[in-house]
Amino acid sequence: MFTVVITGPPGVGKTSVLTALVDLLTDDDVAHAAIELETLIWTHPALSDHLWFAHVKSTCDLYRAAGHRLLLVAETLETDEDRIQLLDAVGADGYLLVRLEAQPDTLAQRLTEREPTTWSGLPGLVEHSQELALTMPQLSCVELVLSTEDQQAEAVAGRIRAALGTRS
């Protein structure tokens with residue numbers, strides 16, 4: 001299954017861009033499946049690596065069995081090891097890794113506007129997102145880097161769709 005991975009720090013717009021890309025592919029009648037991975041594995045306490053892998057693999061196996069050959073995934077990949085683990089769990093035959101970026105201050109503003117002010121995890125998420133904005137450019141195997149600064153999700157998704165070309 002060919003996999004498009006959309007990554008970036010929290011607040012960069014991964015889910016919005018994924019949704020817009022789904023709309024574009026649907027409008028073009030391109031068969032696909034989409035996963036916002038953080039919602040698939042959202043548990044407390046966090047899943048062990050073994051269970052994380054099992055959840056992702058079983059979901060992707062079901063999509064594959066249903067005949068899907070294109071998978072779209074939104075996930076925050078912090079390291080190259082995260083990328084390797086994800087692609088292994090997905091069983092990707094090939095992939096397009098897209099890294100979305102925005103300025104640290106923009107990420108902080110988006111997260112503060114999006115999340116409830118009473119959420120105890122907000123300060124830590126803002127801090128971690130700003131750190132990732134500085135470290136994620138070191139990720140390897142990224143084929144496409146797109147800024148979400150002053151961009152509509154649909155425009156960013158259009159650039160991913162164009163880069164995907166005939167692989168879809």
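These numbers were taken from a predicted model, which means no experiment stands behind them.

Visitor: Describe the layout of surface pockets, with residues and values.
Guide: Estimates place the volume of the largest pocket at around 1,300 Å³. Along its surface, the largest pocket is lined by 41 residues, and P10, E38, T76, R114 and L125 are the ones closest to its centre. Counting only elements with at least two residues in the lining of the largest pocket, the list comes to α1 (14-27), α2 (37-40), α3 (49-65), α4 (80-90), α5 (104-114), α6 (122-135) and α7 (153-164).

Visitor: Before we move on, could you go through unusual backbone geometry and cite the residues and values that matter?
Guide: Of note, the amide linkage connecting H44 to P45 takes the cis form, showing an omega dihedral of 0°. Positionally, P45 belongs in the loop between α2 and α3. For D29, which is not glycine, the phi dihedral falls at a positive 55°. Residue position: D29 is located in the loop between α1 and β2 (33-36). Relative accessible area serves as the criterion here: at 72%, D29 is assigned to the exposed category. Residues other than glycine seldom take positive phi values, yet D150 does so here, at roughly 55°.

Visitor: Run through the packing of α1 against α7, naming residues and quoting values.
Guide: At their nearest, the axes of α1 and α7 sit 8 Å apart, and the two run at 60° to each other. Of the possible angle classes, the one that applies to α1 and α7 is oblique. Note on packing geometry: the crossing formed by α1 with α7 is right-handed. Within the contact between the two elements, α1 uses S16, V17, A20, L21, L24 and L25 and α7 uses A153, E154, V156, A157, G158, I160, R161 and L164. Counted by class, the contact of α1 with α7 contains 10 nonpolar, 2 polar and 2 charged residues.

Visitor: Describe the nonpolar core, and please don't skip the residues or the numbers.
Guide: The biggest cluster of nonpolar side chains holds 26 residues, and the ones touching the most others in it are V4 and I160. Residue assignment for this core shows that the elements contributing at least two residues are β1 (2-7), α1, β3 (70-74), β4 (94-101), β5 (144-147) and α7. When neighbours within four sequence positions are excluded, I160 is seen to be in contact with V4, I6, V17, L21, L96, V98, L144 and L146. Membership of the second largest hydrophobic core comes to 20 residues, among which are A33, I41, L97 and M136.

Visitor: Tell me about the packing of α3 against α4, and please be specific about residues and values.
Guide: The geometry of a pair of packed helices is captured by two quantities: the angle between their axes and the separation between those axes. In the contact formed by α3 and α4, the axes pass within 7 Å of each other and the chain directions differ by 45°. Judged on the interaxial angle alone, α4 and α3 are oblique. The segment α3 lies against α4, with D49, W52, F53, V56, K57, C60 and R64 engaging Q85, L86, D88, A89 and V90. Counted by class, the contact of α3 with α4 contains 7 nonpolar, 1 polar and 4 charged residues.

Visitor: Tell me about the side chain of T148, and please be specific about residues and values.
Guide: By the secondary structure assignment, T148 is in the loop between β5 and α7. The class for T148 is buried, based on a relative accessible area of 5%. Beyond its immediate sequence surroundings of up to four residues, T148 is in contact with V12, L100, E101, A102, R110 and V156.

Rules used in this analysis
Residues numbered from 1 in each chain as written. Predicted model: local features only at pLDDT ≥ 70, side-chain atom pairs only at ≥ 80, totals over all residues. Heavy atoms only, no water. 1 Å grid on protein atoms, 1.4 Å probe; cavity = no way out; pocket = protein on both sides within 12 Å on 5 of 7 lines; lining within 4 Å. Points joined across faces, edges and corners; volume = space filled by probe spheres on them. Helix = DSSP H or I, 4+ residues; strand = E, 2+ residues; numbered from the N terminus. Buried < 20%, exposed > 50% of the residue type's maximum accessible area, 1.4 Å probe, protein only. Axes fitted to C-alpha atoms, helices over the stretch in contact; angles between N-to-C directions. Parallel < 35°, antiparallel > 145°, perpendicular 65-115°, else oblique. Left-handed = near helix turned anticlockwise from the far one by under 90°. Contact = heavy atoms within 4.5 Å. Nonpolar A, V, L, I, M, F, W, Y, C, P; charged D, E, K, R; others polar. Core = buried A, V, L, I, M, F, W, Y, C linked by side-chain atoms within 4.5 Å.

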